[in-house]
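# Close look at the chain arrangement
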Amino acid sequence: MHHFNYHDQELHCERVPLKKIAEEVGTPCYVYSHATLSHHFTVFDGAFEKVPHLTCYSVKANSNLAILRLFGSLGGGVDIVSGGELYRALKAGIPSDRIVYSGVGKTLDEIDYALRENILMFNIESSQELAFINERAGKMGTRARIALRVNPDVDAKTHPYISTGMKKNKFGIDVDSAIQDYLKAKSLHNVEILGVDCHIGSQLTDISPFVDALRRLRMLIKKLEESGIHISHLDLGGGLGIPYNQETPPHPTEYARAVMEEMEGLHCTLIFEPGRVIVGNAGVLLTKVLYTKSTPSKNFLIVDAGMNDLLRPSLYDSYHHIQPVVRSSAESRVVDVVGPICESGDFLARDRSLPVVPEGDCLAVMSAGAYGFTMASNYNSRPRAAEVLVKDDQYFVIRHRETWDDLIRQEQVPPIL
Ligand code: LLP
């Protein structure tokens, strides 16, 4: 469920017309619905209310401070993958005992920062990282709480770039050798084993890979218990997909039912790291049509948002539904919606039938709340877009549009020039 609907031919976010935001804040602009964000978080988290659990929202999907604050206020924790994400999470007021830290390449500075802040758990991705974290914790006179991220070797059946749980992927520790690393961890003085972790991929539309992974983790937990290693936390990662187009991913309650069934009899606190399923359909990217250009082979809608603003179509060939902000014509046309960037890969949609939209009118690129702004760049020296949060009939700018000064702020010309 989301809160982007037409009233009198005008697309609204909750009770605010998107046209008003486009006029007052400008375009391109990300717009998020507070009601949708809260609803999605509450539905996901509520689906596990019967079991001890912690929903650690995955910051990489959308890391705006306001959004992190909202989830924190709803009782959520966060899953982070960098020192920068830890900094954001703390600034947003997320308590450190609700923070889990994944990622294959944690640096010394990042590890020390997380140790100082006493986060809930490091999800460790290699034996080398285990040794290093133990050493750093020792230097600091503390103990790191850890889980090993296990690679269960299951095919998530999603786009290869966002599939992470197969043997050939760089993520996690091979499920069959994990026991050795756990035994090693048990012998180390500065780590405390808390859990087992896995994350098999993103945008999963089928429940079976999750269930396969869970079964393998359960077997591992049993073996660990037999070796005297008690597991109190089981982190199942994120990955639940959303409908962008015709997909029919499992509802969070269906996912929860399957997970709880598989977990029957295990006395662990469950941790989840959902990203996309919470924020994906809670946001749109507003963009203005600059020119309508027809060539002998194509009709182009040239808009003011490009692949620097929303990379997903260019990078993964992802589908994002596109709707006019004001419906003015019943007539449709097959068009390519393209940005201003000097690359042929700069498109938001190709060969798409869209209602005819005049130059100067705006489009809403739907389902852009996850991996939209967070993957934006300054390519072609384009300032990054503004972000807006709508609540009921009010809206708030939660990130100002960057300026040309922002683009050069960190640069300097050396005196030799
Ligand atoms: N936990 C870990 C360890 C992850 O690596 C990820 C996502 C998540 C949780 C959250 O997954 P989600 O619930 O959002 O599926 N840029 C790509 C998605 C990359 C996902 C990376 N890891 C996209 O735009 O589709």
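Residues numbered from 1 in each chain as written. Predicted model: local features only at pLDDT ≥ 70, side-chain atom pairs only at ≥ 80, totals over all residues. Heavy atoms only, no water.

## Some details on the overall build of the protein
Within the protein, the regular secondary structure consists of twelve helices and 21 strands. Computed over C-alpha atoms, the radius of gyration of the protein comes to 23 Å, within 12% of the 22 Å expected from 2.2 N^0.38 for 417 residues, which places it in the range of a compact globule. By its C-alpha atoms, the protein is 70 × 60 × 40 Å across when sized along the principal axes. Counted over contacts in the protein with a minimum sequence separation of 6, partners at least 24 positions apart contribute 70%. (Helix = DSSP H or I, 4+ residues; strand = E, 2+ residues; numbered from the N terminus. Rg over C-alpha atoms; globule rule 2.2 N^0.38 Å. Contact = heavy atoms within 4.5 Å.)

## What to know about the domain arrangement of the protein
Here the protein is described as being made up of domain 1 (4–32 + 280–407) and domain 2 (34–277). In this structure, domain 1 and domain 2 have C-alpha centres spaced 32 Å apart. Listed by partner, the interface residues are 23 residues for domain 1 and 22 residues for domain 2. Together domain 1 and domain 2 conceal approximately 2,000 Å² of surface at their shared face, both sides included; 58% is due to carbon and sulfur atoms. Counting across the domain 1 and domain 2 interface gives zero salt bridges. At the boundary of domain 1 with domain 2, the tally comes to twelve residue pairs in polar contact (both at pLDDT 80 or more). Listing elements by their share of the side of domain 1 that touches domain 2, those giving two or more residues are helix H11 (312–316), strand S20 (386–391) and strand S21 (394–399). With four residues, the top contributor of residues to the side of domain 1 that touches domain 2 is S20. Tallied by class, residues from the side of domain 1 that touches domain 2 come to ten nonpolar, eight polar and five charged. (Domains from an automatic or database assignment. Buried area = accessible area lost by both parts, 1.4 Å probe. Salt bridge = Lys/Arg side-chain N within 4 Å of Asp/Glu carboxyl O. Polar contact = N/O pair within 3.5 Å; in protein donor to acceptor, adjacent residues only side chain to side chain. Nonpolar A, V, L, I, M, F, W, Y, C, P; charged D, E, K, R; others polar.)

## Considerations on helix H4 (residues 83–91)
Within H4 the residues assigned to the buried category are Gly83, Glu85, Leu86 and Ala89. Each buried residue of H4 lies within a common arc of 160 degrees when the element is viewed along its axis, so the set occupies one face. Residues of H4 that are buried sit in contact with helix H3 (65–73), strand S6 (77–80), strand S7 (99–101) and helix H5 (108–117). (Buried < 20%, exposed > 50% of the residue type's maximum accessible area, 1.4 Å probe, protein only. Arc of directions from axis to C-beta.)

## Regarding the sheet that holds strand S3 (residues 16–17)
If you walk across this open sheet you meet the three strands as S1-S2-S3, and the pairing is antiparallel. Edge strands, defined here as strands with exactly one partner in the open sheet, are strand S1 (4–7) and S3. Where strand S2 (residues 10–13) lies against S3, two bridges are found, and the strand directions are antiparallel. Bridge pairing links histidine 12 to proline 17 in S3. (Pairing = 2+ DSSP bridges.)

## Overview of the side chain of threonine 27
Tracing the sequence through the fold places threonine 27 in the loop between helix H1 (18–25) and strand S4 (29–33). Accessibility expressed as a relative area gives 17% for threonine 27, which makes it buried. Here aspartate 304 takes part through its side chain, which lies 2.5 Å from a polar atom of the side chain of threonine 27. Setting aside residues no more than four positions away along its own chain, threonine 27 makes contact with Ala22, Leu286, Thr287, Lys288, Asp304, Cys362 and Arg401.

## With respect to the packing of aromatic side chains
Scanning the model with the defined rule gives twelve aromatic pairs in all. When the centroid spacing of 6.1 Å and the interplanar angle of 85 degrees are considered together, the rings of tyrosine 30 and phenylalanine 373 count as edge-to-face. Placement of the pair is tyrosine 30 in strand S4 and phenylalanine 373 in the loop between strand S19 (362–365) and S20, with a sequence separation of 343 residues. A centroid spacing of 5.6 Å and a plane angle of 50 degrees characterise the contact between phenylalanine 44 and phenylalanine 48, whose relative ring orientation is tilted. (Phe/Tyr/Trp six-rings, centres within 6.5 Å; stacked < 30°, edge-to-face > 60°.)

## Description of the site of the ligand
If you check the shell around the ligand, you find 19 residues, and the closest are Ser202, Glu273, Arg312, Tyr316 and Tyr371. A distance of 3.3 Å separates a nitrogen atom of the ligand from a polar atom in the side chain of aspartate 79. Residue glutamate 273 places a side-chain N or O atom 2.6 Å away from a nitrogen atom belonging to the ligand. Its free accessible area being 590 Å², the ligand has 91% of it covered by the protein chains. Here the residues of the shell around the ligand are counted per class, giving five nonpolar, eight polar and six charged. Shared between two domains, the shell around the ligand holds at least three residues of each, these being domain 1 (4–32 + 280–407) and domain 2 (34–277). (Near = heavy atom within 4 Å. Areas by Shrake-Rupley, 256 points an atom, 1.4 Å probe, with all protein chains shown as cover.)

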